[in-house]
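Residue-level structure breakdown
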Amino acid sequence: GAVVSQHPSWVICKSGTSVKIECRSLDFQATTMFWYRQFPKQSLMLMATSNEGSKATYEQGVEKDKFLINHASLTLSTLTVTSAHPEDSSFYICSARPGLALTDTQYFGPGTRLTVL
Amino acid sequence: AQSVTQPDIHITVSEGASLELRCNYSYGATPYLFWYVQSPGQGLQLLLKYFSGDTLVQGIKGFEAEFKRSQSSFNLRKPSVHWSDAAEYFCAVGPSNTGKLIFGQGTTLQVKP
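Keep in mind that what you see is a predicted model, and the values were worked out from it rather than measured. Residue numbering note: each chain is counted from 1, following its sequence as written. Chain letters and ligand numbers both follow the written order, the letters beginning at A and the numbers at 1. Reporting in this predicted model follows two pLDDT cut-offs: at least 70 for local features of residues, and 80 or more for side-chain atom pairs to be given and counted; totals over whole chains, interfaces and linings ignore these cut-offs and use all residues. For the side-chain quantities, the full set of heavy atoms in the structure was used; hydrogens and water were omitted.

1. Description of the side chain of A:T32
Residues and elements named next belong to chain A.
- Its place among the elements puts T32 in strand 4 (residues 32–38).
- A 3.5 Å cut-off defines polar contacts: any pair of N or O atoms within that distance qualifies, except that in protein one atom must be a possible hydrogen donor and the other a possible acceptor, and neighbouring residues in sequence count only when both atoms are side-chain atoms. There is a polar contact of 2.7 Å between the side chain of T32 and the side chain of N51.
- Here T32 is in contact with T49, S50, N51, H71, S95, A96 and R97, once residues within four sequence places are set aside. Only runs of H or I of at least four residues qualify as helices and only runs of E of at least two qualify as strands under DSSP, and these elements are numbered from the N terminus. Between two residues, a contact is recorded if the distance between any of their heavy atoms is within 4.5 Å.

Here you go:
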């Protein structure tokens, strides 16, 4: 089956530093990738949608300059949390969709736990 | 506004018992509906999805779900629960024109031996 990986699986950083999270589709090409944020015991909230080679589309309320998304290839998208603060601590999950059809299944990565001290 | 509600935050069932997880949605047009399962350390796995056609959908691991338009519901069922089914379950709705997913709050399933 389709596999999506995320790296790192967890990261601890100091307040004010930037952290990059990678999302890779291992055995398929992903024209579209999605980034979600999940707070403890809560649902996944969509942050942004990224299409390969174009700028990401951010959901309302998500700071574009805080959460930089790059989808440079069909198998890799990165999320950079810039100048991270403790309130950015969360579980970040990506998903990838192999085709252009809106009905294509999204495959999810295992998530990255970010803790900002 | 589009939304998904899973009324049960936590459910405990005995192994071998039947299971039903509730999901209600609010969406103006015909939605795409999904159930995902999340286990610790693993990504969300798709159990089943409904786009159109037969309102009773069969999924993996013995799960099924029934779409009831009149009740705006898409409840997940399994006739006999196994201990390995203990996990977090998410219902999601996907607008048909964007592919984006809106998730419910999730239901934690605990299975008693």
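Next comes the rest of the write-up.
2. A short note on the interface of chain B and chain A
- Contact residues are listed per partner, giving 20 residues for chain B and 20 residues for chain A.
- Once two parts are put together, the accessible area they lose, assessed with a 1.4 Å probe and summed over both, is termed the buried area. Interface area for chain B against chain A, summed over the two sides, is near 1500 Å², with a carbon-plus-sulfur share of 57%.
- Three residues stand out in chain B for area buried against chain A, namely B:L44, B:K100 and B:F103, and they jointly supply 29% of the buried area on that side.
- Whenever a carboxyl oxygen of Asp or Glu lies within 4 Å of a side-chain nitrogen of Lys or Arg, that contact is scored as a salt bridge. Scanning the region where chain B abuts chain A turns up one salt bridge.
- Ionic pairing is found between A:E59 and B:K100, a salt bridge with its closest N-O pair at 2.9 Å.

3. Focus: the pairing of strand 9 (residues 90–97) of chain A
All names here are of chain A.
- Each residue gets one of three labels from its accessible area relative to the maximum for its type: buried under 20%, exposed over 50%, partly exposed in between, using a 1.4 Å probe on protein chains only. Among the eight residues that make up strand 9, eight are buried, leaving the element largely enclosed by the rest of the structure.
- Two elements, strand 4 and strand 9, share seven bridges in a ladder whose sense is antiparallel. Its bridge partner lying in strand 9, M33 is registered against A96.
- A pair of strands is labelled paired if DSSP reports no fewer than 2 bridges between them. Note: strand 9 against strand 10 (residues 107–108), two bridges, orientation antiparallel. Residue pairing across strands places S95 opposite F108, the latter belonging to strand 10.

4. A few points about the nonpolar core
- Definition used in this section: a nonpolar core is a set of buried Ala, Val, Leu, Ile, Met, Phe, Trp, Tyr and Cys residues joined via side-chain atoms within 4.5 Å. The biggest cluster of nonpolar side chains holds 27 residues, and the ones touching the most others in it are B:W35, B:L48, B:L76 and B:Y89.
- Secondary-structure elements contributing two or more residues to this core are strand 2 (10–14), strand 3 (19–21), strand 5 (32–38), strand 6 (45–50), strand 8 (64–68), strand 9 (73–78), strand 10 (87–94) and strand 12 (107–112) of chain B.
- The biggest single contributor to this core is strand 10 of chain B, with four residues.
- Discounting residues that sit within four places of it in the chain, B:Y89 has contacts with B:Q6, B:L21, B:W35, B:Y36, B:V37, B:L47, B:F63, B:L76, B:G106, B:T107 and B:L109.
- Counting 25 residues, the second-largest nonpolar core is a separate cluster that includes A:V4, A:A56, A:L79 and A:A84.

5. Description of the sheet that holds strand 7 (residues 67–73) of chain A
Residues and elements named next belong to chain A.
- The strand order across the open sheet formed by four strands is 1-3-8-7, and the pairing between neighbours is antiparallel. Two strands in the sheet have a free side with no partner beyond their single neighbour: strand 1 (4–7) and strand 7. Between one strand axis and the next, the sheet turns through 15 degrees on average, direction left out of account.
- Pairing between strand 3 (residues 19–25) and strand 8 (residues 76–81): six bridges, direction antiparallel. Its bridge partner being in strand 8, E22 is matched across the sheet by T78. Lines are fitted to the C-alpha atoms to define the axes, a helix being fitted only along its stretch in contact, and any angle between axes, read from their N-to-C directions, falls within 0 to 180 degrees.

6. What to know about the state of the cysteines
- Any pair of cysteine sulfurs within 2.5 Å is marked as a disulfide. Counted according to the given criterion, the structure contains two disulfides over all chains.
- The residue that forms a disulfide with A:C23 is A:C94, at a sulfur-sulfur distance of 2.0 Å. Across the S-S bond linking A:C23 and A:C94, the dihedral sits near 80 degrees, which makes this disulfide right-handed. Residue A:C23 is located in strand 3, and its partner A:C94 is located in strand 9; the two are separated by 71 residues in the primary sequence. Accessibility assignment for this pair places A:C23 and A:C94 in one class, buried.
- The residue that forms a disulfide with B:C23 is B:C91, at a sulfur-sulfur distance of 1.9 Å. Sign of the S-S torsion, about -65 degrees for the bond between B:C23 and B:C91, identifies this disulfide as left-handed. Of this pair, B:C23 sits in the loop between strand 3 and strand 4 (24–26) while B:C91 sits in strand 10, and the two are 68 residues apart along the sequence.
- The buried category is assigned to B:C23, whose relative accessible area is 0%.

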